[in-house]
Amino acid sequence: MKKAILAIMVLGLCFGLATSAMAQTNTGTTTVTVTVDSIDELTVPDTVAITLDTVGTDGSYAQGTATGTDAEGLKYSHNSETKKKITATATGDAGTDITLKVTVDEGTGAVAVVSGGTPVTEAVDVWTGIAAGSYEKDLTWTADATLAGTKGSAAGTAYTFDVTFTTADV
């Protein structure tokens, strides 16, 4: 009887091991697709103010400057395979001799958007060859004018120019 019990135990153990040895593994595969939208986002300050209030040489004002650094400057992001550029045009008060220039840090240098009182209506490049990425750049404005070419009142006269920045493929 002891031998029969021992034989049953051995057989039970064998069946138990055989079952675990024959266990199957199942796998499943999921394909995940991530779609990215095209990004082309440009942000510049809403307003910039320059005051010309000091006499320079030859009857002109001393140059006025305003700089927006990083967060207050130009922000640009794109994910295009094609390099981009940023151009500028201007509209505003004509009939003065104000020259207004803008410089984008690491851009093309100082670019006139108002020249001798005439807003530049044809797009001029202010930054070219921009690879995909996210950027924050200093934006520096300079204004020049003569006393005779910009008439002011006792409270000061404000001349306003709207500068539009546009992105495009290079």
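Look up: the structure comes first, before these words.
Quick caveat, the model's predicted, so the values are computed rather than measured.

Criteria and cut-off values
- In every chain, residue numbers begin from 1 and rise along the written sequence.
- Local features are withheld for residues below a pLDDT of 70 in this predicted model, meaning they are given only at 70 or higher, and side-chain atom pairs are given and counted only at 80 or more; totals for whole chains, interfaces and linings count all residues.
- Only hydrogens and water are set aside when side-chain values are computed; all heavy atoms of the structure are taken into account.
- Two strands make a pair as long as DSSP finds a minimum of two bridges between them.
- Under the scheme used here, helices are H or I runs from DSSP no shorter than 4 residues and strands are E runs no shorter than 2 residues, and both carry numbers assigned from the N terminus.
- Burial here depends on accessible area, computed with a 1.4 Å probe over protein chains only, as a share of the maximum for the residue type. Under 20% is buried, over 50% is exposed, and the range in between is partly exposed.
- Residue contacts follow a heavy-atom distance rule, with two residues in contact if any of their heavy atoms lie within 4.5 Å.
- With axes taken as lines fitted to C-alpha atoms, and helix axes fitted only over the stretch in contact, angles between N-to-C directions fall between 0 and 180 degrees.
- Salt bridges are defined as contacts in which a side-chain nitrogen from Lys or Arg sits within 4 Å of a carboxyl oxygen from Asp or Glu.
- Here the term patch refers to residues with relative accessible area over 30% and no salt bridge, with like charges joined within 9 Å and nonpolar side chains (Val, Leu, Ile, Met, Phe, Trp, Tyr) within 5 Å.
- Computed by Shrake-Rupley with a 1.4 Å probe, the accessible areas treat only the displayed protein chains as cover when residues are assessed.
- Note on aromatic pairs: the rings of Phe, Tyr and Trp (six-membered ring only in Trp) are paired at centre separations within 6.5 Å, and the planes decide the class, stacked below 30 degrees, edge-to-face beyond 60, tilted for the rest.

Caption draft 1: Structural view of the sheet that holds strand β10 (residues 139-144). Taken together, the five strands give an open sheet; going across it, the order is β2-β10-β5-β6-β7, and neighbouring strands pair in antiparallel fashion. This sheet does not close on itself; its edge strands, each paired only once, are β2 (64-68) and β7 (118-119). With five bridges joining them, β2 and β10 adopt antiparallel strand pairing. Within β10, the residue paired with G64 across the bridge is A143.

Caption draft 2: A look at the environment of V48. Note that V48 resides in the loop between β1 (40-43) and β2. Classification of V48 as partly exposed rests on a relative accessible area of 42%. Discounting chain neighbours no more than four positions away, the residues touching V48 are A66 and W141.

Caption draft 3: Molecular detail of the sheet that holds strand β3 (residues 74-78). With antiparallel pairing, three strands are arranged side by side in an open sheet as β1-β3-β9. Lying at the two open borders of the sheet, with one neighbouring strand each, are β1 and β9 (133-137). When strand polarity is set aside, the average angle formed by the axes of neighbouring strands in this sheet is 5 degrees. In the sheet, β3 pairs with β9 via five bridges, with the strands oriented antiparallel. Across the sheet, H78 pairs through a bridge with G133, a residue of β9.

Caption draft 4: Geometry of the pattern of salt bridges. A complete count under the given rule lists three salt bridges for this structure. For K84, the salt bridge identified is with D169, shortest N-O distance 2.7 Å. With K84 in strand β4 (residues 84-92) and D169 in strand β11 (residues 161-169), this pair connects stretches of sequence that are 85 residues apart. By relative accessible area, which is 44% here, D169 ends up partly exposed. In this structure, K85 and D125 form a salt bridge, with 3.5 Å as the shortest nitrogen-oxygen distance. Separated by 40 residues along the polypeptide, K85 in strand β4 and D125 in strand β8 (residues 124-130) bring together distant segments of the chain.

Caption draft 5: A nonpolar patch on the surface, seen in detail. Nonpolar side chains collect at one region of the surface, where V32, V34 and V36 lie side by side and expose about 340 Å² of accessible area between them. By secondary structure assignment, the location of V32 is in the loop between α1 (2-21) and β1.

Caption draft 6: Up close: the packing of aromatic side chains. Under the defined criterion, the tally for this structure stands at two aromatic pairs. Each ring, one from W127 and one from Y135, has its centre 5.4 Å from the other, and the planes form 85 degrees; the classification is edge-to-face. The class for W127 is buried, based on a relative accessible area of 6%. Ring centres of W141 and F165 lie 6.1 Å apart, and the angle between their planes is 75 degrees; on these two criteria the pair is classed as edge-to-face. With W141 in strand β10 and F165 in strand β11, this pair connects stretches of sequence that are 24 residues apart. Residue W141 is classed as buried on the basis of its relative accessible area of 8%. Of the residues examined, F165 reaches a relative accessible area of 11% and is grouped as buried.

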